[in-house]
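# Structure at a glance
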Amino acid sequence: MIPLQTVFGTELADLAFLLGRVLFGLVLAFNGLNHFMQADQLAGYADAKGIPAAGFMVPFTGGLLLLGGLGVAAGVAPTLATGALIVFLVITTPTMHDFWSVPEDQQQSEMTNFLKNVGLLAGALVLFALSATPWPYAINVSLL
């Protein structure tokens, strides 16, 4: 087994990790921004799904996505950033994309979104597992 520290340190691996985390983080940050730009529409959708305090939860979860995504992209506080994304994905995936309980004409769309979120959760878990290892090209900022 090759220790992770020897993989990070090769220029190609460092650049691939940087590109992967920037793409991953910015996609999630954009979705977080969308929670603010489309707050009324998303709150209506969340309310229809039975989410309590949907008007509060949409911007709250938007903040998790925005800050978590930007943190991953920049490599700032990666444990906190990936943790925020994991919390968001674990809670919202089964509550917002419950394909098993929607009418048949909505099942495919909800299943696609459910599976997309599961894939994003997998990526967030991998990044969380790597968060204790210094990330190449990370912006090192002390939060305390």
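Described in the following lines is the structure provided in the data block.

What counts as what
- Residues numbered from 1 in each chain as written.
- Predicted model: local features only at pLDDT ≥ 70, side-chain atom pairs only at ≥ 80, totals over all residues.
- Heavy atoms only, no water.
- Helix = DSSP H or I, 4+ residues; strand = E, 2+ residues; numbered from the N terminus.
- Polar contact = N/O pair within 3.5 Å; in protein donor to acceptor, adjacent residues only side chain to side chain.
- Axes fitted to C-alpha atoms, helices over the stretch in contact; angles between N-to-C directions.
- Parallel < 35°, antiparallel > 145°, perpendicular 65-115°, else oblique.
- Left-handed = near helix turned anticlockwise from the far one by under 90°.
- Contact = heavy atoms within 4.5 Å.
- 1 Å grid on protein atoms, 1.4 Å probe; cavity = no way out; pocket = protein on both sides within 12 Å on 5 of 7 lines; lining within 4 Å.
- Points joined across faces, edges and corners; volume = space filled by probe spheres on them.
- Buried < 20%, exposed > 50% of the residue type's maximum accessible area, 1.4 Å probe, protein only.
- Core = buried A, V, L, I, M, F, W, Y, C linked by side-chain atoms within 4.5 Å.
- Patch = residues over 30% accessible without salt bridge, like charges linked within 9 Å, V, L, I, M, F, W, Y side chains within 5 Å.
- Areas by Shrake-Rupley, 256 points an atom, 1.4 Å probe, with all protein chains shown as cover.
- Salt bridge = Lys/Arg side-chain N within 4 Å of Asp/Glu carboxyl O.

Moving on, we get to the side chain of Thr 93. Position of Thr 93 among the secondary structure elements: in helix H5 (residues 78-96). Here the side chain of Thr 93 touches Leu 89 through a polar contact of 2.6 Å, landing on its backbone oxygen. Here the side chain of Thr 93 touches Asn 117 through a polar contact of 3.3 Å, side chain to side chain.

It is worth spelling out the packing of helix H3 (residues 39-48) against helix H4 (residues 54-74) at this point. Contact geometry for H3 and H4: axes closest at 8 Å, N-to-C directions at 120 degrees. Of the possible angle classes, the one that applies to H3 and H4 is oblique. Crossing handedness for the pair H3 and H4: right-handed. When H3 is examined against H4, the residues Ala 39, Leu 42, Ala 43, Ala 46 and Asp 47 are found in contact with a partner set consisting of Ala 54, Gly 55 and Val 58.

Looking now at the layout of surface pockets. Taken as a whole, the largest pocket holds about 600 Å³ of empty space. Around the largest pocket, the lining comprises 24 residues; the ones closest to its centre are His 35, Phe 88, Thr 92, Met 96 and His 97. Counting residues per element, the ones that place at least two in the lining of the largest pocket are helix H2 (11-37), H3, H4, H5 and helix H6 (104-129).

Here we take up the environment of Lys 116. Relative to the assigned elements, Lys 116 resides in helix H6. Note on Lys 116: relative accessible area 40%, which makes it partly exposed.

Let us look at the nonpolar core. Among the nonpolar cores identified, the biggest contains 20 residues, and Phe 24 and Leu 85 are the most heavily contacted of them. Elements with a minimum of two residues in this core: H2, H4, H5 and H6. It is H5 that contributes the most residues to this core, six residues altogether. Ala 46, Ala 54, Val 58 and Met 96 belong to the second-largest nonpolar core, a separate cluster that totals six residues.

A few words on unusual backbone geometry. For Ala 77, which is not glycine, the phi torsion reads 45 degrees and is therefore positive. Turning to its location among the elements, Ala 77 is positioned in the loop between H4 and H5.

A contiguous nonpolar patch, built from Phe 30, Leu 33 and Met 37 and spanning about 310 Å² of accessible area, is present on the exposed surface. Along the chain, Phe 30 falls in helix H2.

Honestly, that's just the spatial picture; any functional story needs more than this.
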